[in-house]
Amino acid sequence: MNSFSQEMIFESAGIELVINNEFKIILFYIYRPPHPQNVNTFFKYFYDLLSKHLSKQKYCLILGDLNVDWFKQNPITHRLKDLMNEFNLKQFVNSPTRVTSTSSTLIDHVLSNVERDMLQVEVIGTGLSDHFAQNINFLFENSLAQKPIHNTSNETFYDTCSENLKTLNYLLSKENWNSLTETVSATQKFKNFLNIFKYNFTLACPLKRKKKNIPKIAKPWLTKGIITSSKRLKELDFKKKNNKSSEFLNYCSTYKKIYRKVIRAAKATHLTKQLTTTDNLSRDAWRIIDSDRSKPRALLPTDKPSPEVFNQYFANIGQQKHSLITEPTLMSQSDVTCPNTL
């Protein structure tokens, strides 16, 4: 990275992250001082950095204070957007990152070539700087388009009910804050305040346990080989933007066909295993069918329908219906009146 960094012009650092031995992404941090000069040199370094490290179609995440206001329509902003378009980069911040009494700007950027549903960015005001922080969450499961079903487990949380918050307010009102006034350093004052607040908070709002939903993979037929092929297919789709040769396009088409065949085979193998190891073939077969239908089939009260259920129903239905029938009340002849004939 030293060859792509120059103090007061283009200051950068980088690291490659490998997550779960599968997902690789290069993380760059870039800082551009707020000087109008040396703009050309800045973009030259930026272009060279992206050209070298994105040539292998890797995922990247670029963070930093570029001092380029995304909201403004000026030559520097247009130049940044042109560079992003060239390398298929997207902006993941859409709100101001520095707000003063006279300005509101977006100069702290989060740029990446990952899909938008794989990255979640939140701008947070910490009060520790005149710049807001960016909280970044990777959503790796979205890259495989896996919809989670939920299972229950326990999680801990602080009980912040109204009564506990009243207790917290009372404890804080009785607290001695001398450690804040006796300290000169603003950093130490903040640490002392945080320690005092945490102590009273844990006293007033104790930890509790409750059941929570945790994701569970909804595709049990998914294998490591299919996951690897899925990533490879995405890389090929990415390369197709720059490679339009017929040979390469035919290769991509063949790869996609084989990939779909492998998925169908994996599903068939999984279903075959389910049906050959079940103790009730009819029940599990209908469950598999119902899982692909929009409206579940109405099931009998028992999980194991048997002829005995039908025998009992039809043997007793006559007596049950007969008990509900009441005999009609017969009227005597004297109670019957006929109209006089004209």
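Residues numbered from 1 in each chain as written. Predicted model: local features only at pLDDT ≥ 70, side-chain atom pairs only at ≥ 80, totals over all residues. Heavy atoms only, no water.

(A) Spotlight on the sheet that holds strand β7 (residues 108–112). Read across the open sheet, the 5 strands follow the order β1-β2-β3-β7-β4; overall the sheet is mixed. The open sheet terminates on both sides in strands that have one partner only, identified here as β1 (11–19) and β4 (90–91). Note: strand β3 (residues 59–65) against β7, 5 bridges, orientation antiparallel. The residue of β7 that forms the bridge with Asp-65 is Asp-108. (Pairing = 2+ DSSP bridges. Helix = DSSP H or I, 4+ residues; strand = E, 2+ residues; numbered from the N terminus.)

(B) Expanded view of the packing of aromatic side chains. Scanning the entire structure with this criterion turns up 10 aromatic pairs. Taken together, a centroid distance of 5.8 Å and an interplanar angle of 15 degrees make the contact between Phe-10 and Tyr-45 stacked. Residue Phe-10 is found in the segment before β1, and its partner Tyr-45 is found in helix α1 (residues 39–53); the two are separated by 35 residues along the sequence. Its relative accessible area of 0% is what places Phe-10 among the buried residues. By relative accessible area, Tyr-45 is classed as buried at 19%. Within the aromatic cluster, the residues linked to one another by ring pairs are Phe-10, Phe-42, Phe-43, Tyr-45 and Phe-46. Over the aromatic face of Trp-70 sits the side chain of Lys-81, whose NZ or CZ is 4.7 Å from the ring centroid. (Phe/Tyr/Trp six-rings, centres within 6.5 Å; stacked < 30°, edge-to-face > 60°. Buried < 20%, exposed > 50% of the residue type's maximum accessible area, 1.4 Å probe, protein only. Lys NZ or Arg CZ within 6 Å of the ring centre and 35° of its normal.)

(C) Focus on the pattern of salt bridges. Under the definition given, this model contains 4 salt bridges. Notably, a salt bridge pairs Asp-48 with Lys-44, separated by 3.1 Å at the nearest N-O pair. With Asp-48 and Lys-44 both in helix α1 and 4 residues apart, this pair spans about one turn of that helix. The exposure class of Asp-48 is partly exposed, given its relative accessible area of 29%. Between Asp-237 and Lys-240 there is a salt bridge, with its nearest N and O atoms 3.4 Å apart. (Salt bridge = Lys/Arg side-chain N within 4 Å of Asp/Glu carboxyl O.)

(D) Representation of the environment of Phe-197 in the model. The topology assignment puts Phe-197 in helix α5 (residues 186–204). Residues Phe-197 and Glu-175, 22 residues apart in the sequence, show an inter-C-alpha distance of 9.4 Å. Apart from residues lying up to four places away in sequence, Phe-197 is in contact with Leu-168 and Leu-172. (Contact = heavy atoms within 4.5 Å.)

(E) Broad picture of the nonpolar core. Ranked by internal contacts, the top residues of the largest apolar core, which has 35 residues, are Phe-10, Ile-30, Phe-46, Leu-50, Ile-62, Leu-80 and Leu-89. Those elements giving two or more residues to this core turn out to be β2 (23–31), α1, β3, α2 (75–86) and β7. The element best represented in this core is α1, accounting for 7 residues. Every residue in contact with Phe-46, bar those within four places of it in the chain, is listed here: Phe-10, Ile-30, Ile-62, Leu-66, Leu-80 and Leu-83. (Core = buried A, V, L, I, M, F, W, Y, C linked by side-chain atoms within 4.5 Å.)

(F) Spatial organisation of the side chain of Asp-65. Tracing the backbone through its elements, the reader meets Asp-65 in strand β3. No salt bridge forms around the buried Asp-65; measuring N to O, its nearest opposite-charge neighbour Arg-98 is 7.0 Å away. Beyond its immediate stretch of four places on either side in the chain, Asp-65 contacts Tyr-29, Ile-30, Tyr-31, Arg-32, Ile-107, Asp-108 and His-131. (Lys, Arg positive; Asp, Glu negative; His and termini not counted.)

(G) Representation of the pairing of β1 within the structure. The sheet contact formed by β1 and β2 spans 9 bridges and is antiparallel. Counted as the bridge partner of Ile-19 is Phe-23 from β2. Remark: 3 residues form the turn of the hairpin made by β1 and β2, two consecutive strands paired antiparallel; Asn-20 in that turn has positive phi of roughly 60 degrees.

(H) Geometry of the packing of helix α6 (residues 224–239) against helix α7 (residues 246–276). It is the contact of α6 with α7, at a shortest axis distance of 10 Å, that shows an interaxial angle of 155 degrees. Viewed along their axes, α6 and α7 adopt a mutual orientation that is roughly antiparallel. Seen from above, α6 lies across α7 with left-handed handedness. Here α6 contributes Ile-226, Ser-229, Ser-230, Arg-232, Leu-233, Leu-236 and Lys-239 to the contact with α7, which in turn contributes Phe-248, Tyr-251, Cys-252, Tyr-255, Lys-256, Tyr-259, Val-262, Ile-263 and Ala-266. The class makeup of the residues in the contact of α6 with α7 is 11 nonpolar, 2 polar and 3 charged. (Axes fitted to C-alpha atoms, helices over the stretch in contact; angles between N-to-C directions. Parallel < 35°, antiparallel > 145°, perpendicular 65-115°, else oblique. Left-handed = near helix turned anticlockwise from the far one by under 90°. Nonpolar A, V, L, I, M, F, W, Y, C, P; charged D, E, K, R; others polar.)

(I) Structural context of unusual backbone geometry. We note that Asn-67 has phi near 50 degrees; this positive angle belongs to a residue other than glycine. Among the structural elements, Asn-67 can be located in the loop between β3 and α2. A positive phi angle, near 60 degrees, is found at Asn-88, a position not held by glycine. Along the chain, Asn-88 falls in the loop between α2 and β4.

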